[in-house]
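Per-entry structural report
Residues per chain are reported as follows:
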Amino acid sequence: MKHALFLPPFGELADPAVLMTIAEDAEAACWEGLFLWDHILRREPSAADIADVWVALAAMAARTERITLGPMITPPVRRRPQVLARQAVTLDHLSRGRLVLGLGLGVDTSRELSAFGEVTDARARGEILDEAAELLCRFWSGEQVDHDGPHFTADGVTYRPGPFERDRVPLWFAARGEARRPVRRAARYDGLFPIEVDEEGLTSMLDVVREERGTLEGFDVAVVQPGLDPERLDDLGVTWAMRSYGPDTPLDEILAATRAGPPPS
């Protein structure tokens, strides 16, 4: 099992220089991953300042060599797949293949959808997510893409370069609660990012993944800590334990935890 930090680029962490320092410290302390929340609006007073996740990740990638990086999670409902495909491949090359792209429906709790006239209906957002994920993989294939879908269009376009030394950037998908469609979606790709899940809920989700794939082999399961019993994570099939810090966490606390390194294996 690997260990990662999961940080909101808000408040003091909205400063790219601070995020670069954290990334360098995390790599030096043997953390294996560093993932950023992807939001453009938040209600918390401590999150009035927000960094762009892609610019921040690029800065962090340029200052590190080994640590896995990525947004958790990016909602295609407020991004266009033709732009997201380019951003992801560019960051994948900059990091020399260290990018993981987390995708999901997104949320509107801070009006980051409705304030800009984006789609808020959950079913429609799921359809947009499915279509966008398919398009991302087709763009990354290097083949000509002709697509006329309900939400997106690609008229005879070819994208190059492709991802760094692999067929596609790994895609992890968020899932919450008892809905099974998000879990089945994740099973078609590379990983699952359960949100606010207990042991029973995670076991149920991974049963669905096994039904779809036949096995968990080669499939990532990333859970946020604190949460589940850390002594049980390996047995449950977790491959990434992500230590999360909220927007109100003091920077000094995050720096100290980063430099202390992950828990011993």
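Here, the structure is the one placed above.
The following paragraphs examine the structure supplied in this document. (Residues numbered from 1 in each chain as written. Predicted model: local features only at pLDDT ≥ 70, side-chain atom pairs only at ≥ 80, totals over all residues. Heavy atoms only, no water.)

A short note on the packing of helix α2 (residues 53-62) against helix α3 (residues 81-94)
Helix-helix packing is characterised by the crossing angle of the two axes and by the distance between the axes. Packing of α2 against α3 brings their axes to within 9 Å, and their N-to-C directions diverge by 15°. Taken together, α2 and α3 sit at an angle that is classed as roughly parallel. When the axes of α2 and α3 are compared, the crossing they make is left-handed. Residue-level inspection shows Trp54, Leu57, Ala58 and Ala61 of α2 in contact with α3, the latter providing Leu84, Gln87, Ala88, Leu91 and Leu94. (Axes fitted to C-alpha atoms, helices over the stretch in contact; angles between N-to-C directions. Helix = DSSP H or I, 4+ residues; strand = E, 2+ residues; numbered from the N terminus. Parallel < 35°, antiparallel > 145°, perpendicular 65-115°, else oblique. Left-handed = near helix turned anticlockwise from the far one by under 90°. Contact = heavy atoms within 4.5 Å.)

Side note on the packing of aromatic side chains
Note on aromatic pairs: each is described by the distance of the centres and the angle between the planes. All chains considered together, the criterion is met by 8 aromatic pairs. Look at Phe6 and Phe193: their rings are 5.6 Å apart centre to centre, the planes differ by 80°, and that puts the pair in the edge-to-face class. Of this pair, Phe6 sits in strand β1 (residues 2-7) while Phe193 sits in strand β8 (residues 191-195), and the two are 187 residues apart along the sequence. Assigned by exposure class, Phe6 and Phe193 land together as buried. With 5.6 Å between their ring centres and 85° between their planes, Phe10 and Trp37 make a pair best called edge-to-face. Of the two residues, Phe10 sits in the loop between β1 and α1 (16-28) while Trp37 sits in the loop between β2 (33-36) and α2, which places them 27 residues apart along the sequence. Take Phe10 and Trp37: they sit in the same class, and that class is buried. Of the aromatic side chains, those joined through ring pairs into one cluster are Phe6, Phe10, Trp37 and Phe193. One cation-aromatic arrangement involves Arg86 over Tyr159; the distance from NZ or CZ to the ring centre is 3.9 Å. (Phe/Tyr/Trp six-rings, centres within 6.5 Å; stacked < 30°, edge-to-face > 60°. Buried < 20%, exposed > 50% of the residue type's maximum accessible area, 1.4 Å probe, protein only. Lys NZ or Arg CZ within 6 Å of the ring centre and 35° of its normal.)

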